[in-house]
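Observations on chain architecture
The lines below spell out each chain.
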Amino acid sequence: MNPDLPLQLLGGLSAREFLRDYWQRKPLLIRQAKPGFESPISPDELAGLSLEDEVESRLVVEHGEQPWELRRGPFTEETFQDLPERDWTLLVQAVDQFVPDVAELLKEFQFLPSWRIDDVMISFAAPGGGVGPHYDNYDVFLLQAHGRRRWKIGQMCDNQSPILPHGDLRILADFQQTDEWVLEPGDMLYLPPRLAHFGTAEDDCMTFSVGFRAPSAAEVLTHFTDFLAQFLPDEARYSDAASEPVEDPHQIQRDALVRLKALLDEHMGDERLLLTWFGQFMTEPRYPELVSGTEVEEEPFLGALEDGAVLVRNPSARLAWSEVEDQLVLFASGQSRLLPGHLRDLLKLICAADALYLDNLGPWLADDEGRTLVWELVKQGSLEFADD
Ligand code: SIN
Ligand code: CO
């Protein structure tokens, strides 16, 4: 993909310009980012998804005296029959994992690393519906899919920004509006993390939120150190060999801190372990139970491919690859595999192709390591036969 090509999705900006001037920094309104866009899912189908056990959904209902009541799914048919005419929003998480046509939309975001993508959340709101003024810690592209939504944006926030005393929803007590637009189908609004925003449905309206994720510094430190600790023997300890005699035995001297920092650097500075942890962490599926894998012997597995079977990525799996010196590493749904350098094109194919079958896999099936890799990914559940 040429990063200097103007993209319709970005209102004619190139990926390079967008990353330089807007990403993580400034909001961007893009009129007709997707001209003629029609939602691949209807409001009824969205409501249908929210009845399913494995789907994460929420309803935000606004009331006069007790504004913004949050209910969590799964819901029932009656839930929807009992809703008022106006002022409520249904939000369904990770619809891309359940509706392939929604996952297709993510292909338009390939100018960003796929491992930064969280999910496509879809909201349906009755007229007047909205989830209140708030901020998120993530980048989001809000694509209007049906009806019209009025978006107001405000100030940059942080965890000191006053929040209304409201159990589950983090509604801002103070919203300082800076801009306001009505989005029509096909229009899109990019919001950087921490920017206050407030959307209200003008009529029956559906909005797709393509959300990104970034681990917090606290997550990186706690998870990485937990991961590292597994490899550290008990005898790897603070050491003060060759130290000077102490002046006051009750004082912790600077020299101890220097030794501690050296201990941290020695272990935390291992780039290979850092990459292994990071790749595993970032490819951890949102719903690990949906990447369950299957028992299949090598012979029937190869036989099926030879008979024309098609492999696809499990929509709940996450894949990424990287280089380690002259080797490669594939991260698949929280696991990593070190692989020889000659498999580079296979790794790229596995991460990017819509489907894997005899024609595009052919040469790789004749390679012991290539064949084993594809087979293991099927057993692990990151790849699956298309008709499963
Ligand atoms: C919505 O689509 O109603 C809410 C999206 C958001 O503000 O994050
Ligand atoms: Co938001």
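Attention here is on the structure that accompanies the text.

Calculation notes
- Residues numbered from 1 in each chain as written.
- Chains lettered and ligands numbered in written order.
- Predicted model: local features only at pLDDT ≥ 70, side-chain atom pairs only at ≥ 80, totals over all residues.
- Heavy atoms only, no water.
- Near = heavy atom within 4 Å.
- Polar contact = N/O pair within 3.5 Å; in protein donor to acceptor, adjacent residues only side chain to side chain.
- Areas by Shrake-Rupley, 256 points an atom, 1.4 Å probe, with all protein chains shown as cover.
- Helix = DSSP H or I, 4+ residues; strand = E, 2+ residues; numbered from the N terminus.
- Nonpolar A, V, L, I, M, F, W, Y, C, P; charged D, E, K, R; others polar.
- Salt bridge = Lys/Arg side-chain N within 4 Å of Asp/Glu carboxyl O.
- Buried < 20%, exposed > 50% of the residue type's maximum accessible area, 1.4 Å probe, protein only.
- Expected span 1.5 Å × (residues − 1).
- Arc of directions from axis to C-beta.
- Contact = heavy atoms within 4.5 Å.

**Examining the site of ligand 1**
Every residue lining ligand 1 is accounted for by L91, M121, S123, H134, D136, R149, W151, H197 and S209. Within the contact set of ligand 1, an oxygen atom lies 3.4 Å away from a side-chain nitrogen or oxygen of D136. Within the side chain of R149, one N or O atom sits 2.6 Å away from an oxygen atom of ligand 1. Isolated, ligand 1 exposes 260 Å² of accessible area, and the fraction of that covered by the protein chains is 93%. Counting residues per element, the ones that place at least two in the shell around ligand 1 are β5 (117-125) and β7 (149-156). Residue composition of the shell around ligand 1, by class: three nonpolar, four polar and two charged.

**Describing the pattern of salt bridges**
Opposite charge on two side chains makes pairing possible when the charged atoms of those side chains draw close. Taken as a whole and judged by the stated rule, the model has 23 salt bridges. Between E56 and R286 there is a salt bridge whose closest N-O contact spans 3.5 Å. Of this pair, E56 sits in the loop between α2 (43-49) and β2 (57-61) while R286 sits in the loop between α7 (271-282) and α8 (298-306), and the two are 230 residues apart along the sequence. By relative accessible area, R286 is classed as partly exposed at 24%.

**Topic: helix α5 (residues 217-229)**
Its 13 residues give α5 an end-to-end C-alpha distance of 18 Å, which sits within 8% of 18 Å, the value for a rise of 1.5 Å per residue. The set of residues buried in α5 consists of F224, F227 and L228. Take α5 and look down its axis: the buried residues cluster within an arc of 95°, on one side only. Along α5, exposed side chains directed more than 90 degrees from the buried face belong to A218 and D226. Summarising the contacts, the buried residues of α5 are in contact with α6 (254-268) and α7.

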